[in-house]
Amino acid sequence: MRHLVTLDDLSNFEIEQIFRLAAGMQSQQETWAGICRGKLLATLFYEPSTRTRLSFESAMERLNGRTLGFSDPRATSTAKGETLADTARMVTNYADLIVVRHNWAGSARVIAQHAHVPVINGGDGSHTHPTQALADLYTIMRRKSQIQGLTVGICGDLQFGRAAHSFSLAVARFGGNLIHIAPKPLQMPPWVLAQLEQCHGQKPLEVESVIEVIDRLDVIYVNRLQEERLPANMDAATVRGSYLLNAAVMKNAKPDAMIMHPLPRVNELAYELDDDPRAAYFEQSANAVPVRMALIASLMGLEQLILTQPPERDIAASAKLCENPNCVTNHETYLTPERETFDATVELHACAYCGNLVS
Amino acid sequence: MRHLVTLDDLSNFEIEQIFRLAAGMQSQQETWAGICRGKLLATLFYEPSTRTRLSFESAMERLNGRTLGFSDPRATSTAKGETLADTARMVTNYADLIVVRHNWAGSARVIAQHAHVPVINGGDGSHTHPTQALADLYTIMRRKSQIQGLTVGICGDLQFGRAAHSFSLAVARFGGNLIHIAPKPLQMPPWVLAQLEQCHGQKPLEVESVIEVIDRLDVIYVNRLQEERLPANMDAATVRGSYLLNAAVMKNAKPDAMIMHPLPRVNELAYELDDDPRAAYFEQSANAVPVRMALIASLMGLEQLILTQPPERDIAASAKLCENPNCVTNHETYLTPERETFDATVELHACAYCGNLVS
Amino acid sequence: MRHLVTLDDLSNFEIEQIFRLAAGMQSQQETWAGICRGKLLATLFYEPSTRTRLSFESAMERLNGRTLGFSDPRATSTAKGETLADTARMVTNYADLIVVRHNWAGSARVIAQHAHVPVINGGDGSHTHPTQALADLYTIMRRKSQIQGLTVGICGDLQFGRAAHSFSLAVARFGGNLIHIAPKPLQMPPWVLAQLEQCHGQKPLEVESVIEVIDRLDVIYVNRLQEERLPANMDAATVRGSYLLNAAVMKNAKPDAMIMHPLPRVNELAYELDDDPRAAYFEQSANAVPVRMALIASLMGLEQLILTQPPERDIAASAKLCENPNCVTNHETYLTPERETFDATVELHACAYCGNLVS
């Protein structure tokens with residue numbers, strides 16, 4: 001049984017297969033309509049979501065499957081103190097597939113460990129958001145045919161933006177050249193940078209303003225500022241100003257650049273760009289449905305050629321507690337810390353739950 | 001593509017066609033069961049609702065379609081500051097039809113402008129509630145065959161009651177004679193009165209107590225008092241007393257009168273009337289399902305003979321901001337004010353979003 | 001039409017028939033998949049729930065039926081002051097079957113009185129939780145073949161635990177020997193004890209600690225402490241200590257004992273027992289789905305041989321108000337008190353809504 005907890009659960013070959021299936025589903029929806037008949041998807045949303053939850057539900061229904069779940073943890077047994085493990089053991093009886101969003105990093109991994117059905121990470125804290133990254137990659141491949149060789153700028157809140165983390169790692173895996181654009185305190189966290197370097201040999205250029213590099217970018221990926229997480233001494237307007245994308249800024253961009261945004265946007269992406277042919281964000285939003293359809297069908301084994309062998313990973317129990325206070329291992333006491341080694345020659349490990357570096 | 005934002009989006013002929021289809025669906029549900037197979041309805045409820053949301057979901061499921069959506073905006077991207085326009089652009093990818101309820105007047109119109117699928121207004125602020133009015137009209141037509149010539153009293157909170165607004169305008173369109181019954185501060189707002197006069201040549205009698213006119217009414221339509229919106233100097237019990245309907249009051253009513261109420265009721269409609277054969281409100285509640293089934297099938301083009309030509313309307317951009325603080329144009333900054341002219345010979349216009357008069 | 005408001009609505013014969021159907025549905029799910037095609041289940045959850053709501057939704061979907069409803073009363077007409085009776089009259093138009101959970105004892109009975117479709121009690125205040133008891137009984141029967149003659153210990157919060165109430169009465173009906181294990185202030189309420197004695201001639205042994213009786217138990221049923229309802233002078237940790245189940249305690253239990261828990265657990269059931277072969281609680285959780293599938297099919301009359309004659313009950317209007325402040329009759333003013341007589345020779349009656357003794 002296969003899960004999608006982080007993108008490391010899929011090989012590049014498998015991702016490309018999923019995209020091929022997604023393209024087929026997008027162009028010939030009728031053909032695939034019955035593939036999930038009689039199957040149930042559970043959507044466990046412990047955090048607010050419209051886009052991710054509804055697009056998964058839409059994807060499942062388009063395949064003739066059904067959904068159940070919750071979108072407000074206050075109306076669930078969580079309010080009574082139930083652990084993630086027990087919730088997983090329960091829901092595994094009710095559904096054939098689970099999507100979970102939770103505010104703790106690593107939470108989807110815990111659900112996957114205790115469920116007997118495939119689990120998809122719909123976003124775990126400030127860690128990762130792999131299905132968003134799949135939709136993002138797919139959108140680039142549809143417009144540009146490939147990612148290899150493209151210069152991809154990611155701007156905004158790279159510190160807390162889980163979509164940015166997954167996207168950055170995904171672009172590197174497929175050979176894109178990254179530029180990280182963010183004010184100093186919001187730059188990409190060390191664990192993403194370490195993985196980029198160790199696994200993909202890439203040290204992205206880091207700049208503080210999108211204007212500096214706008215003319216070099218093939219893809220401009222903008223991220224929402226998570227205002228509620230901003231350090232007290234930073235001003236939201238100033239921060240946002242450093243990577244605001246509008247018509248004036250886009251004048252200096254390549255004529256065939258792509259503007260992307262996982263949405264929802266607040267003020268960092270001007271409405272005046274909506275009619276710019278380089279705007280790809282509505283397309284990106286629409287692509288989320290066929291990509292999730294293909295992923296669902298693949299994980300449920302309904303398209304058996306898609307998923308072959310899971311990538312090999314070097315994960316082992318660890319004696320050390322993870323230092324990330326938001327890591328699920330610091331909230332659910334029955335968990336044993338585990339660490340992943342990317343390159344045995346370097347003494348650098350990552351928490352297998354939240355990805356944070358473990359010294 | 002057709003929407004139902006206000007009843008002005010449908011001609012009288014089309015409404016009657018929808019009622020014919022509804023009657024067919026009500027008597028022979030099996031015949032129509034498969035008509036929405038494979039179709040998805042998104043229910044976007046930014047305000048509390050059981051009746052409207054569940055009856056739409058029931059209607060869609062009875063036609064073998066499916067639903068997805070939300071009933072609590074706190075669990076959505078709205079909490080992250082997403083505009084209605086962006087929400088519409090997103091949901092349009094997930095569903096084949098949208099029902100929206102929102103607390104801003106004119107909000108459904110904004111969703112309709114940005115979606116690529118038909119949109120139904122499930123209630124927008126204190127503005128209108130067109131599908132309730134359809135169920136209301138249908139219920140009268142089922143009992144009385146026609147509305148033409150009937151004397152219809154509408155009592156309760158006419159100031160804020162969106163169902164009352166839509167119902168009043170609907171009755172006038174079909175030739176009913178209106179009496180508005182409400183304490184002074186809760187009387188029908190100027191924009192409804194203006195439209196009644198300009199479009200339908202009707203100046204309803206306005207009285208303050210139902211007792212004054214009870215013996216003349218063929219239809220008594222009672223409305224819930226929206227206590228939370230009551231001016232500070234008014235007492236809810238006193239206000240409610242002025243239009244309370246109970247057995248004593250009904251003694252003076254016609255033997256074949258109809259008692260209607262959009263429900264939920266609080267204290268304005270006594271339980272002792274539930275067994276009175278003139279009570280039509282449970283019937284009215286039940287009728288909401290077939291009427292919404294017929295509407296869904298019609299808007300989705302599944303019954304192509306039903307909808308013919310949309311009524312012509314004279315709507316143009318306006319330089320003036322709408323003065324209604326609850327109008328969506330005063331909340332979503334990307335919107336351009338628009339005004340509708342009902343009668344070019346009179347210098348009187350209505351905001352095309354919230355209906356309010358624009359001088 | 002049949003409802004399941006309390007287990008008294010079903011005869012023992014009928015319960016056993018439902019279990020036979022459940023076993024068939026569990027082993028041959030495909031055979032029964034289409035039985036609810038075109039049918040709608042309404043889930044009205046006025047209280048938090050994941051397990052009960054999702055297992056009902058899963059059960060209905062597994063039978064190819066559909067669900068609609070709410071899980072948060074703040075997003076419903078209840079917030080506008082609607083009575084249970086009016087809610088029932090509304091929902092009866094939208095669905096073919098209703099499941100309701102509500103914090104008032106007796107609330108499901110009110111829904112059943114006003115709906116025209118079968119109603120299932122999904123938990124009413126501190127009163128009963130009959131479908132949980134069905135899943136519990138079924139789990140014992142699957143492991144032990146019968147309940148007759150087994151010694152069954154029920155520990156935890158017996159005062160407020162509705163699952164414990166239903167389970168205790170159910171075990172007695174099928175001839176199990178009960179031991180009630182709870183600290184004094186949390187012991188089984190008088191109405192359950194009275195019914196056990198009057199209807200089943202059983203006076204369960206009452207002890208304060210599970211250790212005293214652990215070696216005699218065939219079934220150990222643990223209940224969550226409802227901390228929010230604990231009297232101010234009691235300490236949650238101490239109380240929980242008196243019936244905490246862990247490996248040390250289980251050393252003294254029979255080798256073929258069964259550990260049960262309706263879940264969610266908090267701290268009263270140690271994770272170290274999860275791998276003990278005597279642990280039956282995950283099985284019990286999984287069994288909830290086929291049992292509810294069988295119940296749904298039976299109540300909807302889809303399996304006509306299952307339900308035969310409802311048990312005869314002696315219920316009459318009463319002049320006295322129920323003294324339980326949480327009884328629905330003290331909240332919904334249109335209700336007439338009714339009382340049930342179990343044994344006419346004893347002057348002891350129970351409120352027909354909440355079960356409380358009426359002098």
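Just so it is clear, the structure is predicted and the values come from calculations on it, not from any experiment.

Asker: What's the story with the interface of chain C and chain B in this structure? I'm lost.
Answerer: Note: interface size is frequently given as the accessible area lost on complex formation between the parts. Contacts between chain C and chain B engage 23 residues on the former and 26 residues on the latter. Between chain C and chain B, a total of about 2300 Å² is buried, with carbon and sulfur atoms accounting for 51% of that surface. For the pair chain C and chain B, the interface holds 4 salt bridges. When residues of the side of chain C that touches chain B are traced back to their parent elements, those giving at least two are strand S2 (66-70) and helix H4 (84-91) of chain C. When residues of the side of chain C that touches chain B are assigned to their parent elements, the largest contribution, 4 residues, is made by S2(C). Residues belonging to the side of chain C that touches chain B are distributed by class as follows: 8 nonpolar, 7 polar and 8 charged.

Asker: Where do I start with the interface of chain A and chain C in this structure?
Answerer: Residue-level contacts link 23 residues of chain A with 26 residues of chain C. Both faces combined, the contact of chain A with chain C buries some 2300 Å², and carbon together with sulfur accounts for 51% of it. At the boundary of chain A and chain C, one finds 4 salt bridges. Here chain A is connected to chain C by 9 residue pairs in polar contact (both at pLDDT 80 or more).

Asker: Help me understand the sheet that holds strand S3 (residues 97-102) of chain C, please; the structure alone is not making it clear to me.
Answerer: Hydrogen bonding along the main chain pairs the strands of a sheet, whether they run parallel or antiparallel. All names here are of chain C. Reading across from one edge, S2-S1-S3-S4 is the order of the 4 strands in this open sheet, with parallel pairing throughout. Looking at the sheet topology across the chains shown, the edges are occupied by S2 and strand S4 (119-124). Averaged over all neighbouring strand pairs, the angle between strand axes comes to 15°, with direction disregarded. Bridging between strand S1 (residues 40-45) and S2 involves 5 bridges; their strand directions are parallel. Directly across from alanine 42, in S2, lies its bridge partner leucine 68. Here helix H5 (residues 107-114) sits on the sheet and contacts S3 and S4; the angle it forms with S4, its principal contact strand, is near 160°.

Asker: Would you mind going over the relation of the copies chain C and chain B with me for this structure?
Answerer: Under the fitted operation, chain C is carried onto chain B by 0.0 Å of movement along the axis and a turn of 120°, and the coordinates agree to an RMSD of 0.0 Å. Put plainly, the chains are arranged around a three-fold axis. Looking at the interface residues of chain C, only 13% of them are also at the interface in chain B, so each copy uses its own face.

Asker: I would appreciate a short explanation of the packing of helix H6 (residues 130-144) of chain B against helix H7 (residues 162-173) of chain B in the present structure.
Answerer: Residues and elements named next belong to chain B. Relative orientation of the contacting elements H6 and H7 amounts to 50°, with a least axis distance of 8 Å. The angle between the axes of H6 and H7 places the two elements in the oblique class. Considering how the two elements wind past one another, H6 and H7 form a crossing that is right-handed. The segment H6 lies against H7, with Pro130, Gln132, Ala133, Asp136, Leu137 and Ile140 engaging Ala163, Ser166, Phe167, Ala170 and Val171. Grouping the constituent residues of the contact of H6 with H7 by class yields 8 nonpolar, 2 polar and 1 charged.

Asker: What exactly am I supposed to notice about helix H4 (residues 84-91) of chain A here?
Answerer: For an α-helix the count is 3.6 residues per turn, leaving residues at separations of three or four pointing the same way. Of all 8 residues in H4(A), 8 are buried, a share of seventy percent or more. Listed in full, the buried residues belonging to H4(A) are Leu84(A), Ala85(A), Asp86(A), Thr87(A), Ala88(A), Arg89(A), Met90(A) and Val91(A). Elements that come into contact with the buried residues of H4(A) comprise strand S1 (40-45), strand S3 (97-102) and helix H5 (107-114) of chain A together with helix H3 (51-62) and helix H11 (281-299) of chain C.

Asker: When you look at the packing of aromatic side chains in this model, what are you seeing that I'm missing?
Answerer: Two numbers describe a pair of aromatic rings. These are the distance of the centres and the angle of the planes. Residues and elements named next belong to chain A. This model, assessed by the stated rule, comprises 15 aromatic pairs over all chains. Between the aromatic rings of tyrosine 281 and phenylalanine 282, the centroid separation amounts to 5.0 Å while the plane-to-plane angle is 70°, which identifies the pairing as edge-to-face. Owing to a relative accessible area of 0%, tyrosine 281 belongs among the buried residues under this scheme. Taking relative accessible area as the criterion, phenylalanine 282 reaches 23% and is therefore assigned partly exposed.

Quick notes on the rules
Residues numbered from 1 in each chain as written. Chains lettered and ligands numbered in written order. Predicted model: local features only at pLDDT ≥ 70, side-chain atom pairs only at ≥ 80, totals over all residues. Heavy atoms only, no water. Contact = heavy atoms within 4.5 Å. Buried area = accessible area lost by both parts, 1.4 Å probe. Salt bridge = Lys/Arg side-chain N within 4 Å of Asp/Glu carboxyl O. Helix = DSSP H or I, 4+ residues; strand = E, 2+ residues; numbered from the N terminus. Nonpolar A, V, L, I, M, F, W, Y, C, P; charged D, E, K, R; others polar. Polar contact = N/O pair within 3.5 Å; in protein donor to acceptor, adjacent residues only side chain to side chain. Pairing = 2+ DSSP bridges. Axes fitted to C-alpha atoms, helices over the stretch in contact; angles between N-to-C directions. Least-squares fit on C-alpha atoms with pLDDT ≥ 70 in both. Parallel < 35°, antiparallel > 145°, perpendicular 65-115°, else oblique. Left-handed = near helix turned anticlockwise from the far one by under 90°. Buried < 20%, exposed > 50% of the residue type's maximum accessible area, 1.4 Å probe, protein only. Phe/Tyr/Trp six-rings, centres within 6.5 Å; stacked < 30°, edge-to-face > 60°.

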